Amino acid sequence: MTATLEPDKMKANQDKFYGREREFVYKFNVGSQCFELTVPLKFPVKENPNNLHGRLMLLHNLPCFIESDLKESLSQFIEEESLRDYDREAEAALEALKSGEVDLHQLTSAWAKTYAETTLEHARPEEPSWDEDFADVYHDLIHSPASETLLNLEHNYFVSISELIGERDVELKKLRERQGAEMDKVMQELGKSLTDQDVNSLAAQHFESQQVLENKWTSELKQSTAIQKQEYQEWVIKLHQDLKNPNNKSISEEIKVQPSQFRESVEANGRIYEDQRKLEESFTIHLGAQLKTMHNLRLLRADMLDFCKHKRNHRSGVKLHRLQTALSLYSASLCGLVLLVDNRINSYSGIKRDFATVCQECTDFHFPRIEEQLEIVQQVVLYARTQRRSKLKEPNDSGNRNGGNDDKTKNIERNYSNILPGEFYITRHSNLSEIHVAFHLCVDDNVRSGNITARDPAIMGLRNILKVCCTHDITTISIPLLLVHDMSEVLSSPGWQLGPLPILDLSWVPAFFILFSF
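Owing to the predicted nature of the structure, the values given are computational and were not obtained by experimental measurement.

Visitor: Quick question: what am I supposed to make of the overall build of the protein chain here?
Guide: When helices and strands are counted, the protein chain shows 13 helices and nine strands. Sorting the 518 residues of the protein chain into buried and exposed places 34% on the buried side. Counted over contacts in the protein chain with a minimum sequence separation of 6, partners at least 24 positions apart contribute 70%. When the accessible surface of the protein chain is summed, it comes to about 32500 Å², and 52% of that surface belongs to carbon and sulfur atoms.

Visitor: Any chance you could explain helix H10 (residues 350-360) here in plain terms?
Guide: Turn by turn, an α-helix covers 3.6 residues, leaving residues three or four places apart pointing in a common direction. Here H10 has its buried residues at Ile 351, Lys 352, Phe 355, Ala 356, Val 358 and Cys 359. Projected down its long axis, H10 shows its buried positions confined to an angular sector of 160°, all on one face. Where the residues of H10 are buried, they touch strand E5 (334-341), helix H11 (370-392), strand E6 (424-428) and strand E7 (437-442).

Visitor: So what exactly am I meant to see when it comes to the side chain of His 206 here?
Guide: Within the fold, His 206 resides in helix H7 (residues 196-244). A polar contact of 2.9 Å, which involves the side chain of His 206, links it to the side chain of Glu 182. Residues contacting His 206, with those up to four places away along its chain left out, are Gln 179, Glu 182 and Met 183.

Visitor: Help me understand the packing of helix H5 (residues 130-142) against H7, please; the structure alone is not making it clear to me.
Guide: Geometry of a packed helix pair, given as the angle between the helix axes and the separation of the axes. Packing of H5 against H7 leaves a shortest axis separation of 10 Å and a crossing angle of 60°. In terms of axis orientation, H5 runs oblique to H7. Taken as a pair, H5 and H7 cross one another with a handedness that is left-handed. Here Trp 130, Phe 134, Val 137, Tyr 138, Asp 140 and Leu 141 of H5 lie close against H7, whose contacting residues are Tyr 232, Gln 233, Val 236, Ile 237, Leu 239, His 240 and Leu 243. When the residues that make up the contact of H5 with H7 are grouped by side-chain class, the tally is 10 nonpolar, two polar and one charged.

Visitor: Would you take a moment to explain a nonpolar patch on the surface for this structure?
Guide: Residues Phe 283, Ile 285, Leu 287, Leu 299, Leu 481 and Leu 482 make up a contiguous nonpolar surface patch of roughly 450 Å² in combined accessible area. Examined against the element boundaries, Leu 299 turns out to sit in strand E4 (residues 293-301).

Visitor: Just checking my understanding: could you explain the environment of Leu 279 for this structure?
Guide: Here Leu 279 is to be found in the loop between helix H8 (251-255) and strand E3 (280-287). Along the primary structure Leu 279 and Ala 302 are separated by 23 residues, whereas in three dimensions their C-alpha atoms are 8.0 Å apart. If we ignore the near neighbours within four places in the chain, the residues touching Leu 279 are Leu 299, Leu 300 and Arg 301.

Visitor: It is not clear to me how the packing of aromatic side chains should be interpreted in this structure. Could you clarify?
Guide: The geometry of an aromatic ring pair is captured by the separation of the ring centres together with the interplanar angle, meaning the angle of the planes. This model, assessed by the stated rule, comprises 11 aromatic pairs. On the basis of an interplanar angle of 50° and a centroid distance of 5.3 Å, the ring pair of Phe 24 and Phe 77 is categorised as tilted. Of the two residues, Phe 24 sits in strand E1 (residues 21-30) while Phe 77 sits in helix H3 (residues 67-98), which places them 53 residues apart along the sequence. Pair check on accessibility: Phe 24 and Phe 77 agree, each one buried. With a centroid separation of 6.4 Å and an interplanar angle of 70°, the aromatic rings of Tyr 138 and Tyr 330 are classed as edge-to-face. On the criterion of sequence distance, the pair formed by Tyr 138 in helix H5 and Tyr 330 in the loop between helix H9 (316-327) and E5 is long-range, its members being 192 residues apart. The partly exposed category is assigned to Tyr 330, whose relative accessible area is 28%. Cluster of aromatic residues (ring-pair linked, three or more members): Phe 24, Tyr 26, Phe 28, Phe 35, Phe 43 and Phe 77.

Visitor: Hey, could you run me through the nonpolar core in this one?
Guide: One recurring pattern in soluble globular proteins: nonpolar side chains tend to sit buried together. Residues Cys 308, Leu 337, Leu 339, Ile 345, Phe 355, Tyr 425 and Leu 432 are the most contacted members of the largest nonpolar core, which totals 24 residues. Sorting the residues of this core by element identifies E5, H10, H11 and E7 as the ones contributing at least two each. Phe 134, Leu 150, Leu 151 and Leu 239 belong to the second largest nonpolar core, which has 18 residues in total.

Visitor: Would you explain the pairing of E4 in this entry?
Guide: Each regular strand displays side chains that alternate between the two surfaces of the sheet. As judged from the eight bridges shared by E3 and E4, these two strands associate in the antiparallel manner. By the bridge assignment for E4, His 286 is matched with Met 294.

Visitor: Explanation requested: the environment of Glu 79 in the structure shown.
Guide: One can find Glu 79 in helix H3. Take Glu 79: its relative accessible area is 52%, and that puts it in the exposed class. Between the C-alpha atom of Glu 79 and that of Pro 49, which follows or precedes it by 30 residues, the distance is 9.9 Å.

Visitor: Sorry, what's going on with H3 here?
Guide: The end-to-end C-alpha distance of H3 is 47 Å, a good match for the 46 Å that 32 residues give at a rise of 1.5 Å each. Taken together, the buried positions of H3 are Leu 70, Leu 74, Phe 77, Ile 78, Glu 81, Ser 82, Asp 85, Ala 92 and Ala 96. Where H3 terminates, the next one or two residues include Gly 100, which has phi positive at roughly 85°.

Visitor: Quick question: what am I supposed to make of unusual backbone geometry here?
Guide: Glycine aside, a negative phi is what most residues show, and trans is what most peptide bonds show. Residue Pro 44 follows Phe 43 across a cis peptide bond; omega there is 0°. Residue placement: Pro 44 occurs in the loop between strand E2 (33-42) and helix H2 (49-59). At Asp 473, a position not held by glycine, the phi torsion is positive, near 60°. Structurally, the position occupied by Asp 473 is in the loop between helix H13 (457-471) and strand E8 (474-480). Overall, Asp 473 belongs to the partly exposed group, its relative accessible area being 40%.

Visitor: Help me understand the packing of H2 against H3, please; the structure alone is not making it clear to me.
Guide: Between H2 and H3, the shortest axis-to-axis distance is 9 Å and the interhelical angle comes to 130°. On the basis of the axis angle, H2 is oblique to H3. In the crossing of H2 with H3, the sense of the turn from one axis to the other is right-handed. Across from Pro 49, Asn 50, Leu 52, His 53, Leu 56 and Met 57 in H2, the residues of H3 making contact are Glu 67, Leu 70, Lys 71, Leu 74, Ser 75 and Ile 78.

Visitor: Which parts of the structure should I look at to understand the confidence of the model for the protein chain?
Guide: Close inspection of predicted coordinates is inappropriate for parts of the model with low pLDDT. With 76% of its residues at a pLDDT of 70 or more, the protein chain has an overall mean of 78. Ranking the elements of the protein chain by mean pLDDT puts helix H12 (residues 403-414) last, at 50, and E6 first, at 94. Scored below 50 in pLDDT, residues 257-275 makes 34 contacts in the model with residues more than four places away or belonging to other chains.

Visitor: How should the pattern of salt bridges be read in this particular structure?
Guide: Where charged atoms of side chains with opposite charge meet at close range, the side chains can pair. A full pass over the atoms with the stated rule returns 17 salt bridges. As a salt-bridge pair, Lys 238 and Asp 242 come within 3.1 Å of each other at their nearest N and O atoms. A residue pair is termed a helical-turn pair when its members lie 3 or 4 positions apart in one helix, as Lys 238 and Asp 242 do in helix H7 at four residues. Taking the relative accessible area as the measure of exposure, Lys 238 reaches 45% and is therefore partly exposed. Between Asp 342 and Arg 344 there is a salt bridge, and its shortest N-O distance comes to 3.1 Å. We classify Asp 342 as partly exposed; its relative accessible area is 22%. Sharing partners across several salt bridges, the network here consists of Arg 22, Glu 81, Arg 84, Asp 85 and Arg 88.

Analysis parameters
- Residues numbered from 1 in each chain as written.
- Predicted model: local features only at pLDDT ≥ 70, side-chain atom pairs only at ≥ 80, totals over all residues.
- Heavy atoms only, no water.
- Helix = DSSP H or I, 4+ residues; strand = E, 2+ residues; numbered from the N terminus.
- Buried < 20%, exposed > 50% of the residue type's maximum accessible area, 1.4 Å probe, protein only.
- Contact = heavy atoms within 4.5 Å.
- Areas by Shrake-Rupley, 256 points an atom, 1.4 Å probe, with all protein chains shown as cover.
- Arc of directions from axis to C-beta.
- Polar contact = N/O pair within 3.5 Å; in protein donor to acceptor, adjacent residues only side chain to side chain.
- Axes fitted to C-alpha atoms, helices over the stretch in contact; angles between N-to-C directions.
- Parallel < 35°, antiparallel > 145°, perpendicular 65-115°, else oblique.
- Left-handed = near helix turned anticlockwise from the far one by under 90°.
- Nonpolar A, V, L, I, M, F, W, Y, C, P; charged D, E, K, R; others polar.
- Patch = residues over 30% accessible without salt bridge, like charges linked within 9 Å, V, L, I, M, F, W, Y side chains within 5 Å.
- Salt bridge = Lys/Arg side-chain N within 4 Å of Asp/Glu carboxyl O.
- Phe/Tyr/Trp six-rings, centres within 6.5 Å; stacked < 30°, edge-to-face > 60°.
- Core = buried A, V, L, I, M, F, W, Y, C linked by side-chain atoms within 4.5 Å.
- Pairing = 2+ DSSP bridges.
- Expected span 1.5 Å × (residues − 1).
- pLDDT = per-residue confidence, 0-100.

See below:
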């Protein structure tokens, strides 16, 4: 920490004492002959003396037995000359201060500002953000008697959004049926009174109509979730403030809500999730030679999205699952899930679309929507790929690359917005049934073959996911045991026709054991 003079005078003093060349003279004997090495050095010396003496040895072809002495003499010379420059600069500054060339008030202000900026006790405290305040408030309320009220309100919002999605699906289904009937009539007249151009024109009209309807419902869902999130957060903040007031007698009535006041789901359109009997088995293993760590393994047959879906019927067992997830939302005991996805960061097909649909059925009151999180991931991946591509393009060396490297570089340049097998991205959720974090692991077709090795990108990606879990308080993670989400020709034997594929549920807690209630 230093306080300096005015910029012009400081620069003048530095030009006066710095930027000069001093000669370093070193004498040594080789046999009966005496040699003298003279090296001009410009101060301040920016190069490390340990590297500089090595360059002198090579440049002047000096004998190796003088290396240690040359290094010591060079370091001592640089240190002494630098101290002299510092002393001269300090003397000049004092003289300028005595003669009145420097404004004393300006100098003291610079000292005070520098001291305040570099000393912790004078640093300004960080202003808390709205998300941090809301997280603290929610954590307090969910561990209070108001927890059941919060869960009931969240369930009420969930039913509203689910019914809205049901109406959207019905309207889209009716539109597709009507368009299908129109297309069948046109195809019957094809070649008689209509041409291929008429068919293409009708198909374009149908596509445009579907897009308009889908955009309308997407906008309505987005607006509804935004209103729900704002209302919920404002209500939570108000309830927390009221609970702090001991004179408020209406609090007990406010958090004492009868179940009949909340809406139950309408079992319509076939959208209720039936509880299926799950086959499962639990194990406990100990890893480590001296310091052992307990791990609880649960092998069960289920669909991966069963850990995400909310149940429409608000029974006690369902509420317990939801309560456990809410209690551990801002804790050191988070739950994660591994989804196997392709290399495109979107939610348009496959398990990604199904997962996004489940996320959209319930408003996330704590984190951004799944679409917003994916957009952020796309931007980060694009930036990372651009940086990696710029490093691969070495100047004046493009002709020396072999064909394999050229193909790899072209592939990265062509797909710089996608991720590679073994890489994964993370999304955060507070609106899912039993998980808080989703790991989207990119895999290729090798996982469906029978020759997966320990160095396969999917296995390496799982290792990195476990590392992230250990360093970020994710103590429970669910993994598709066979690294697939659906059946294939490899898994076509009668033994696999019983139902969903097996899932490995892994949890670890050092130093003590956790009992799970299944």
